[in-house]
Amino acid sequence: MNIIGVSAFFHDAACCLLQNGILKYAAEEERFTRRKADASAPIHAMKYCLREAGLSITDIDCLAYYEDPSKKLARQIWSGILGHPGELLGSVSPGHVETQIREVLGYQGQIKYVDHHLSHSASSFYFSGFRESAVFTVDGVGEWATTTYGVGNAKGVKIFEEVDFPDSLGLLYSTITSYLGFGVNDGEYKVMGLAPYGAPGYVKQMRRLVQMEAGGKYKLDMRYFDFLAGICMYSPELAELFGRPPRMEDAEMEQFHMDIAKSLQVVLEEILLEKARYLHDCTGMENLCMAGGVALNCVANGKVLKHGPFKQLFVQPAANDAGGCMGAAAYAYVDLTGESMPVEKMKHVYLGPAYTNNDIKKFLAPTNIIYTDCTGDPDRLCTLTAEKIKEGKVIGWFQGRMEFGPRSLGARSILADPRHPSMRERINAMVKKREGFRPFAPAVIEHRAAEYFDLDHPSPFMLETCQMIADVSLPAITHVDGSARVQTVNPHTNPRFYALLEAFDRITGCPILLNTSFNIKGEPIVCNIEDAMKCFITTDIDCLVIGDFIISREENSLELLQFLLMHERSIYSTLNHNVYTFV
Amino acid sequence: MQQDFRPSAALKPLASELAALMSKGDINNERMKELIAVFSETPPVPARTPLKPASEPAATGNHIGIWQEKPAADGIHYYRDIALQVDWSQWAYVHHIKPKSEKRRILLLGESVARGYLYDPYYNVAIELEAILNESAELHNNVEVIDLARISQTLGGLTALVNSCGKLEPDLVIIFAGNNWMQQLQELLLSMPLASRTEILHTLKSKGLGGIRELVENGSLSKSDKLFESIRESFIAHQVPVLLIVPEFNLQDWRSNDIENSLAQVSGEAGIAWLKARGDAAQARTRQDHEAWLAAVSEMLRLDPLNALGHEWLGDYYVATSNWNAAREAFETARDLVIYRGSNFTPRCNGFMREKMLYAAAKNGMQVVDLPALFKSTLTAGIPNRSLFLDYCHLSVEGIKTAMRFTAQKVLSLLAGVNKPLEAIPASAVTPASQVQAIAHFGAAIHNAHFGQSKELVQYHCKKSIGHSGSVVEVIKNFIDFSARETATIFCSAFEDVIVEGGMRQYEGGLKLAHERQRKLLDIPLAGILATELTAAQPNALEQLADLWVSEHGVGAAPVELTSFTYSTNNYNEFTMSPRRNYYQSRTLASTFHFIAKNEHEPHRCTLTFRTPHACGREVEIYLNDDTTPVYATVANSAWKHVVFNLPGNAVGRAANVIKVRWPVPFPELDAAAAGSLEAALSLIYPVFGEVFSFTVQTIQ
Ligand SMILES: [Fe+2]
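Residues numbered from 1 in each chain as written. Chains lettered and ligands numbered in written order. Predicted model: local features only at pLDDT ≥ 70, side-chain atom pairs only at ≥ 80, totals over all residues. Heavy atoms only, no water.

Chain A is annotated in an unreviewed UniProt entry as Carbamoyltransferase of Chitinophaga costaii. In the Sequence similarities (unreviewed entry) part of its UniProt record, chain A is described as follows: "Belongs to the NodU/CmcH family." (UniProt positions renumbered as here; feature names shortened; annotations may be inferred.)

Engineer: Please clarify how the overall build of chain A should be interpreted in this entry.
Structural biologist: Along its length, chain A carries 20 helices and 22 strands. Taking 2.2 N^0.38 as the reference for a compact globule, 583 residues should give roughly 25 Å; the C-alpha atoms of chain A span a radius of gyration of 23 Å, in line with that estimate. Its C-alpha atoms give chain A principal-axis dimensions of about 60 × 60 × 50 Å. Counting across all 583 residues of chain A, residues that qualify as buried make up 64%. Sequence separation of 24 or more characterises 71% of the internal contacts of chain A that already satisfy a separation of 6 or more. Surface accessibility of chain A: about 19,700 Å² in total, with carbon and sulfur atoms responsible for 50%. Here chain A contributes 56 positive and 71 negative side-chain charges, whose respective centroids are spaced 2 Å apart. (Helix = DSSP H or I, 4+ residues; strand = E, 2+ residues; numbered from the N terminus. Rg over C-alpha atoms; globule rule 2.2 N^0.38 Å. Buried < 20%, exposed > 50% of the residue type's maximum accessible area, 1.4 Å probe, protein only. Contact = heavy atoms within 4.5 Å. Areas by Shrake-Rupley, 256 points an atom, 1.4 Å probe, with all protein chains shown as cover. Lys, Arg positive; Asp, Glu negative; His and termini not counted. Charge placed at Lys NZ, Arg CZ, Asp CG, Glu CD.)

Engineer: Just checking my understanding: could you explain the packing of aromatic side chains for this structure?
Structural biologist: Two aromatic rings are characterised by how far apart their centres lie and by the angle between their planes. According to the stated counting rule, one finds 39 aromatic pairs over all chains in the structure shown. Measuring from centroid to centroid gives 5.5 Å for Y149 of chain A and Y278 of chain A, while their planes differ by 90 degrees, and the two rings are edge-to-face. Residue Y149 of chain A is found in strand β7 (residues 145-153), and its partner Y278 of chain A is found in helix α11 (residues 255-283); the two are separated by 129 residues along the sequence. Here the aromatic rings of Y371 of chain A and F549 of chain A are separated by 5.4 Å at their centres, their planes lie at 90 degrees, and the arrangement is edge-to-face. Remark: F549 of chain A occurs in strand β22 (residues 549-552) and Y371 of chain A occurs in the loop between α14 (357-364) and β13 (372-373); sequence separation between them is 178 residues. Grouping aromatic residues by their ring pairs yields a cluster made of Y179, Y202, Y234, F242 and F256 of chain A. Cation over ring: K47 of chain A sits above F693 of chain B, and NZ or CZ is 5.1 Å from the ring centre. In this arrangement the basic side chain of K12 of chain B is found over the ring face of W78 of chain A, its NZ or CZ atom lying 4.9 Å from the centre. (Phe/Tyr/Trp six-rings, centres within 6.5 Å; stacked < 30°, edge-to-face > 60°. Lys NZ or Arg CZ within 6 Å of the ring centre and 35° of its normal.)

Engineer: Is there a simple way to explain the pairing of strand β3 (residues 75-80) of chain B in this structure?
Structural biologist: A regular strand places its side chains so that they alternate between the two faces of the sheet. All names here are of chain B. Pairing analysis gives 6 bridges linking strand β2 (residues 67-72) to β3, with the strands arranged antiparallel. Among the inter-strand pairings, E69 is bridged to a residue of β3, identified as Y78. Adjacent in sequence and paired antiparallel, β2 and β3 are bridged by 2 residues. In terms of strand pairing, β3 meets strand β4 (residues 96-97) through 2 bridges, oriented antiparallel. Its bridge partner lying in β4, Y79 is registered against H96. (Pairing = 2+ DSSP bridges.)

Engineer: Explain the pattern of salt bridges here, please?
Structural biologist: Pairing between side chains of opposite charge can happen when their charged atoms approach one another. Tallied over the full model, the rule gives 63 salt bridges over all chains. In this structure, D531 of chain A and R517 of chain B form a salt bridge, with 2.9 Å as the shortest nitrogen-oxygen distance. Taken together, the residues D531 of chain A in helix α19 (residues 529-538) and R517 of chain B in the loop between α20 (493-501) and α21 (524-534) connect one chain to another. Note on accessibility: D531 of chain A and R517 of chain B belong to one class, buried. D316 of chain B is the partner of R255 of chain B in a salt bridge, and the nearest nitrogen-oxygen pair spans 2.6 Å. Here D316 of chain B lies in helix α12 (residues 308-320) and R255 of chain B lies in the loop between β8 (242-246) and α10 (268-287), a separation of 61 residues in the sequence. Take D316 of chain B: its relative accessible area is 8%, and that puts it in the buried class. Taken together, the shared-partner salt bridges connect E28, E30 and R31 of chain A into one network. (Salt bridge = Lys/Arg side-chain N within 4 Å of Asp/Glu carboxyl O.)

Engineer: Looking at this structure, I do not really get the pairing of strand β11 (residues 287-291) of chain A. What am I missing?
Structural biologist: Residues and elements named next belong to chain A. The element β11 is extensively covered by neighbouring structure, given that 5 of its 5 residues are classed as buried. Residues of β11 alternate between two faces, with N287, C289 and A291 on one and L288 and M290 on the opposite face, all of them buried. Pairing analysis gives 4 bridges linking strand β6 (residues 133-138) to β11, with the strands arranged parallel. Considered in β11, the bridge of T137 is made with A291.

Engineer: Can you walk me through the confidence of the model for chain B in this structure?
Structural biologist: When pLDDT is low, close inspection of the predicted coordinates is not appropriate. Residues and elements named next belong to chain B. On average, residues of chain B score 89 in pLDDT, and 88% of them reach the 70 mark or higher. The secondary structure element of chain B with the lowest average pLDDT is helix α8 (residues 213-220), at 62, and the one with the highest is strand β10 (residues 554-555), at 98. Long-range and interchain partners of residues 53-59, a stretch whose pLDDT sits below 50, account for 0 contacts in this model, where long-range means more than four residues apart. Quick note on the complex model: pTM equals 0.92, ipTM equals 0.91. (pLDDT = per-residue confidence, 0-100.)

Engineer: What's the story with the UniProt feature "domain: Carbamoyltransferase" (unreviewed entry) in chain A in this structure? I'm lost.
Structural biologist: Residues and elements named next belong to chain A. UniProt feature "domain: Carbamoyltransferase" (unreviewed entry): in the numbering of this structure it lies at residues 3-70 and 110-329. Helix makes up 26% of residues 3-70 and strand 32%, whereas the separation of the span's terminal C-alpha atoms amounts to 22 Å. Regarding residues 110-329, the helix share stands at 40% and the strand share at 19%, and the terminal C-alpha atoms are separated by 12 Å.

Engineer: I would appreciate a short explanation of the coordination of the iron ion in the present structure.
Structural biologist: In a perfect tetrahedron of four donors around a metal, the angles come out at 109.5 degrees. In a perfect octahedron of six, they are 90 or 180 degrees. Residues and elements named next belong to chain A. The coordination sphere of the iron ion contains the protein donors H116 (NE2), H120 (NE2), D139 (OD) and D321 (OD), at a distance range of 2.1 to 2.3 Å. One can describe the site at the iron ion as irregular: its 4 donor atoms subtend angles covering 89 to 166 degrees at the metal. Linear spacing of the donor residues for the iron ion on their chain is H-x3-H-x18-D-x181-D. Residue H120 is found in helix α6 (residues 116-125), and its partner D321 is found in the loop between β12 (312-315) and α13 (324-337); the two are separated by 201 residues along the sequence. (Donors = N, O, S within 2.8 Å, 3.2 Å for Na, K, Ca; no water. Tetrahedral: all angles 85-135°; square planar, octahedral: opposite > 155°, others 65-115°.)

Engineer: When you look at the nonpolar core in this model, what are you seeing that I'm missing?
Structural biologist: Side chains of nonpolar character tend, in soluble globular proteins, to be buried together. If you look at the biggest cluster of nonpolar residues, it comprises 182 residues, and the most contacted ones within it are F453 and M533 of chain A together with F176 and F695 of chain B. With residues near it in sequence (within four places) discarded, F176 of chain B still touches L108, L109, G110, E111, V113, A114, V125, I245, P247, L371, L395 and M404 of chain B. With 158 residues, the next largest nonpolar core counts C62, V141, V157 and V304 of chain A among its residues. (Core = buried A, V, L, I, M, F, W, Y, C linked by side-chain atoms within 4.5 Å.)

Engineer: Help me understand the interface of chain B and chain A in this model?
Structural biologist: Accessible area lost on assembly of the parts is the figure often given for the size of an interface. In this assembly, 63 residues from chain B lie in contact with 71 residues from chain A. Both sides of the chain B and chain A interface together cover about 5,600 Å² of buried area, and 61% of this is carbon and sulfur. When residues of chain B are sorted by the area they lose upon contact with chain A, R6, F491 and R517 of chain B head the list and together hold 16% of the total. Viewed at the interface, chain A and chain B are joined by 4 salt bridges. Residues E486 of chain B and K362 of chain A are paired through a salt bridge, measuring 2.6 Å at the closest nitrogen-oxygen approach. Viewed at the interface, chain A and chain B are joined by 22 residue pairs in polar contact (both at pLDDT 80 or more). Secondary structure elements with two or more residues in the side of chain B that touches chain A: α1 (11-24), α2 (30-41), α20, α22 (541-553) and β14 (604-611) of chain B. Tallying contributions element by element places α1 of chain B first for the side of chain B that touches chain A, with 9 residues. Residue composition of the side of chain B that touches chain A, by class: 33 nonpolar, 17 polar and 13 charged. (Buried area = accessible area lost by both parts, 1.4 Å probe. Polar contact = N/O pair within 3.5 Å; in protein donor to acceptor, adjacent residues only side chain to side chain. Nonpolar A, V, L, I, M, F, W, Y, C, P; charged D, E, K, R; others polar.)

What follows is the structure, encoded as structure tokens:
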């Protein structure tokens, strides 16, 4: 049975293919269109899935969509869309989703609509490897629900309680993100990274934004929020509450902003922990599955596991809406076949397109680019790369299938020496052009992780933070509070990345690399050979290791190409990240 | 305002009920109307954040175009702003504009036609005009033309420039523009609220394409009023004369493409009859049977008066019978009927635009050089063609010289007060180097090919190019090389060579040779024509091209997707649907795909997933390198159908092969398209013939 899963039309459109209950292919549309967080019908991602599987559209048994358009419409009507000027109303057509699926995706077969949070729940439980588990989803908003409590077991996934819009922890987080001058749906991660620099001096005020209620419930004090009107996330009262006007995008980052971030983080952790305890009380289960955008807050996840009642935690690595397509597909599979999903933990996220050495060679052949060919000698490739990293070089690392989900995990990564004192500033300045305060994440050989970090289990998806315990200085990857966001790497799921870590360990005695996503500021992570070349050439990355080939900046003169690509760049546009659009 | 800043919880079930009713789509449901009334009357939670005023477009302040003001003791100098370097190639290759001297100063504003597109920076309109005037006895060496023309200049951009360039203290301002103003229509259509789009749909249905003329005139052209106002305020009010040059179109040689002249608005039986008439006309023309020719063309026009093809063929008929005025009229009608063509709009100044310009000029006290009228009265047959134009609207050297003689005549009158007959105003002695002309025609060959013009016209420009200078051969070889590569052009060393050597600087700095991401053309017909023309200098050029194609694109055991951009088109004529569809749509009777076979006579296997939304139960036929006998035929349906078939080896050639899918004539149900979207409206003009989800080819193991 072939099921296509689709997330689209809000943020992070994506498509996946589930064959007989096995997740075979998945990709976000943004990677192909190069428009960050592209929400449009995932035509490229869907083509990719079908092409790789050798399927025709007539071979698809069902298309599972990650939301119920009718329920979503109900929420939009209630939010006041009918009272808004006509233009907004015109874009809310109840048949919009089906029209897009039929006309744009060209799909004529059976469609199954799976509720947004059921999709999130399924995306976590069915890929957790747990036989039974409590399921906790937290995001901005789907249809009505923003937070749900459920269980997964042999009978499937069920939600037994939910918190409805506009009460939403995701929107609370986004509102503060916006108040701090970062983009909504894009800057939440930065706020989390900012928190360790702050003191929780505004916890009292922060608690006024959200009142805890009985059971799983909580309520936002809407006096401080303006997102219902669709112009700005926060109301003037929020600034009054904190005693400072909102920070403008390029304004200086002050201690106040860090304190706000910290206070938000503390309050979020309190709430999540309290509600997780409630969920545990209701279910009595040992395992917890999480998904939804808020579940990408790895600091909070760590606290929930450490201080909460659950023994084991699985967070869907694509916890954002992109991952909804997987859950919808899995849910539809169980529903249609009456069979259960295979009980197997998701081992990796390498579900996107790969390119062969032949593809790369063919790409390079008509160019002037000089490269080192390590075809057939992966040891040499890894040793040469490790040496370059040791020399302080910054590497663009393009290997195998692209990651699904928001994190680069060693397939499309920028790598560097974590021991280097100035490496954080260097990469921030030359590639990321981002706020210098945030450290990068470490990738570490799995069985060596415990030597360096307070971590007693694998962390393959960079979804939790832990304390650095070794007495070594790794400034580029360690937070001010001594924490790090670790990815553990084993030889089974990413043998080449593992080999590189081993090679680096061999020559330096350090089994850790700095790992960050391979992209230019404001653009999605690179997908194909051309994207990787463009990112390498137009930034100051020292070296591109692509398949079995190594391209060094110092061996090439790339100025002309840089100039030409600069001219080409301006045609791409990005989404408006200032406010959620409730349509 | 609600007490707790949120809509009442009591409304939630009602919202759910309404959403469910709306989703069912029963628009006459009484309960639904009731609920809509409830929610329409419930005010939304009011915004408490004041709306920020939309930021004003970056003030041009001390800029004129790309030039930045630098005051000095002797007056204001202007230098190109390094921060705007990305835009430099759009403007004149002039780094420094000095303060006004004792010379008479003329400003030239306009679009690519005023840039001298494809000759610039070596030769252009400003150079020619300045030379004519300085060679004249009256203004001898006392004129400078400041070139402010910009490629792809918009109405808005032009207005802004008019508002800023007065600081250059002109004695005369010349505006040579109008070709790009139709772009406004496209923007207008896309920005319209749904209700207005629906109105367009009804107008289209009742009055046809001509029915939206009014809309164009009232809507899109109203923006040009702003331009004329600015001109009046900036110059005319200050006694600076303004001369407006109305552009002309390549009437005889620029033809509508296969999307534009596809079965527009006729379908079913009428469509079949139109196709028959088209076949009859082509045959009669070949036989030179004038009577049958006219009869068949008249039948085409009777069946579909809005199709440009009928008018073009009528024009051809009148040319053949030396009826020049009638021919001109027919070609002008054809030109004006093409007002929307998806993403690539070939600029043109149509009849009603010209009327509007003439009217506005007269009203505002501007002088006019009306090129259409002047060409009509001075050309032997009165109809401009390839000798005056490099493409649709860009002038050849001969065209520039002729147009500037007309212009100089007016300038002499305005600046020197003399009225000279045209014969007394010779073209300038400036002639672009043969190498420059060779590159211009090579650029024209590419441009014509990329807009789907005929092989014969592309060949003409190739021959002209090589005829002008053999030095173009190296550039052509590089072009053939990078076009054949799968790698994006911008990375190819052959492209870098062209850029470094500056050989194609005339082609928008060479950058025009590159392409958008994943939209690289394989340019099979163009490369074939170029290689053929090269054979004199390089006898094995065609074999080399074939070898390169085979090594880069040769089909092997892995399936190759023919609906990809590379293999499904040879030009940028495209009917753009927004958002783009997940599948290939054909709005023409036949879809042409290409594949590269490694070996002659090698059989291949194809898979095809296709459907015909408006022609159920009719046959789709597949042709290979031949238009007469199909290699495969199957009945089409409105549901996707997946078929597998083989291409017989005997019909397969080495390297480039052409597979044609011939669609049945559609019978669209017009009401089904009345969904109110712009796409639905446009689909009425350009109906879908067939759709292909996937079409692969591979060798047989
Ligand atoms: Fe979500």
